[in-house]
Amino acid sequence: MNTQFLKDNFEKTFNEPAFDTFFSPGRINIIGEHTDYNGGHVFPCAISLGTYAAYGSRSDKQISVCSGNMNDDVVTFAIGDTSLEKDPDHKWINYFKGMIAYVQEETKPLDHGFNLYVWGNLPYGAGLSSSASIEMLIGKVLTEEFNLSVDPVRMAQLGQKTENEFIGLSSGIMDQFAVNMGKKDHAIFLDCASLKYKYLPLDLGDYEIIIMSTNKKHTLADSAYNDRVRECQEATKKLQQKLKIEHLGDINEETLDEYSYLINDETLLKRARHAVSENQRTIKATEAMMDKDLEKLGRLINASHVSLHFDYEVTGKELDTLAETAWQQDGVLCARMIGGGFGGSAIAIVKEDKAKEFKEKVGAVYEEKIGYAASFYEAKIVDGTHKL
């Protein structure tokens, strides 16, 4: 990304030069889907697609944000608490407002306003965490430009708070953690209950990760995502009649099977079965990664998609078509949906010399079955949110 593009557009919008530029990545999750809010493990990494910003200070108490992805839409609001309310007409600005409100609560009131030009190359609605990318971006802008001290893990929690309390999505910590804490060429093995984590080299040999976007727009806050959270909470409460647990991530499949009579509901049992088995798959997958057993890693990733399809029921025709078609191609180690589901994206781990053929064949099948084209991206694994 040429930062001059950001500076030029900033100056064109605000009639003054920019001070600084920033980048905040998106994320993919190798395995561990819908486990974060269930107190389980995840294995995400930050990617080279993301959100960029150019910053300039103001002498008044106004904040103006211009989105290059929203027809250069400019939204201006005051720093005062009363102005940091949800904007029904410009929904994208609410991620900025929520973070600004919560960072001020955590640190101190901002003493002046600023201008911000924002542009991203994350496909909107593709399930690559564009919202977390924005949240961590504004968090980094505030800490850098206002000399605020917020621990990086705490900043991820403020991003989750923005999603939960300001936006209204009952999401876990994974997206913000991966975006803010990402490390080049590494994935993060994160225990979402304790927030203990370690970096593991993402050594895939002669394979590469290909992101497959369904191009079916999805908005998790308007989807069945919150229903899945509620269903898992209900299953947990039923198990707590006999088990001293906080989350579904606290038990394994054997314990769930033994106490399944407490749940005794087909839907809740399926949701719990996914949460529990996916957590165990994630632990096994990181062990396979460390053992350089890519074949086992691949089988576990494929099994993740099957569980998300049959037990969690969050895939749908588009994601199933991508994953199942990918499984049939030469040089494919594995494929599965990523993110919340109901559209969005999937990943495939493919031999580098088969990538071109893979995209052509999967793309052709997808367009024939779905009626419109999928998009394919080859993203590098990068560091988390930072000043350029």
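What counts, and where the lines are drawn
The numbering scheme is per chain: residues are counted from 1 as the chain's sequence reads. Local features in a predicted model are, by the rule used here, given only for residues with pLDDT of at least 70; side-chain atom pairs are given and counted only at 80 or more, and totals for whole chains, interfaces and linings are based on all residues. To obtain the side-chain values, all non-hydrogen atoms of the structure were included, while hydrogens and water were left out. In this description, strands pair whenever DSSP reports at least two bridges between them. Secondary structure is summarised from DSSP: a helix means a run of H or I of at least four residues, a strand means a run of E of at least two, and numbering begins at the N terminus for each. Whenever a helix is involved, its axis is fitted only over the stretch in contact; in every case the axis is a line through C-alpha atoms, and angles between N-to-C directions fall within 0 to 180 degrees. Residues count as neighbours in contact if any of their non-hydrogen atoms are within 4.5 Å of one another. Geometry of aromatic contacts follows a simple scheme: Phe, Tyr and Trp rings, the Trp one being its six-membered ring, pair when their centres are within 6.5 Å, and the pair is stacked under 30 degrees between planes, edge-to-face over 60, tilted otherwise.

K.L.:
Just checking my understanding: could you explain the sheet that holds strand β12 (residues 375–378) for this structure?
P.N.:
Within a beta sheet, neighbouring strands are joined by backbone hydrogen bonds and run either parallel or antiparallel to one another. The antiparallel open sheet is built from four strands, whose spatial order is β10-β11-β9-β12. Edge positions in the sheet fall to β10 (332–338) and β12, since each of these pairs with one other strand and no more. Strand-to-strand, the axes of this sheet are offset by a mean angle of 25°, without reference to chain direction. Lying over the sheet, helix α9 (residues 294–310) contacts β9 (207–213), β10 and β11 (345–351), oriented at roughly 35° with respect to β10.

K.L.:
Just checking my understanding: could you explain the sheet that holds strand β13 (residues 386–387) for this structure?
P.N.:
One open sheet accounts for six strands, arranged β5-β4-β6-β3-β1-β13; its pairing is mixed. For this open sheet the edge positions go to β5 (73–78) and β13, each flanked by a neighbour on one side alone. Seen against the sheet, helix α1 (residues 3–14) touches β1 (20–29), β3 (44–57), β4 (62–67), β5 and β6 (114–120) and runs at an angle of roughly 130° to β6. Strand contacts of helix α5 (residues 174–181): β1 and β3, with the helix running at about 130° to β1, the strand carrying the most contacts.

K.L.:
Help me understand the packing of aromatic side chains, please; the structure alone is not making it clear to me.
P.N.:
What characterises a pair of aromatic rings is the spacing of the ring centres plus the angle enclosed by the ring planes. Using the criterion set out here, one finds 15 aromatic pairs in the structure. Judged by centre distance (6.2 Å) and plane angle (75°), the ring pair of Phe19 and Tyr55 falls under edge-to-face. You can see Phe19 sitting in the loop between α1 and β1 and its partner Tyr55 sitting in strand β3, a full 36 residues away along the chain.

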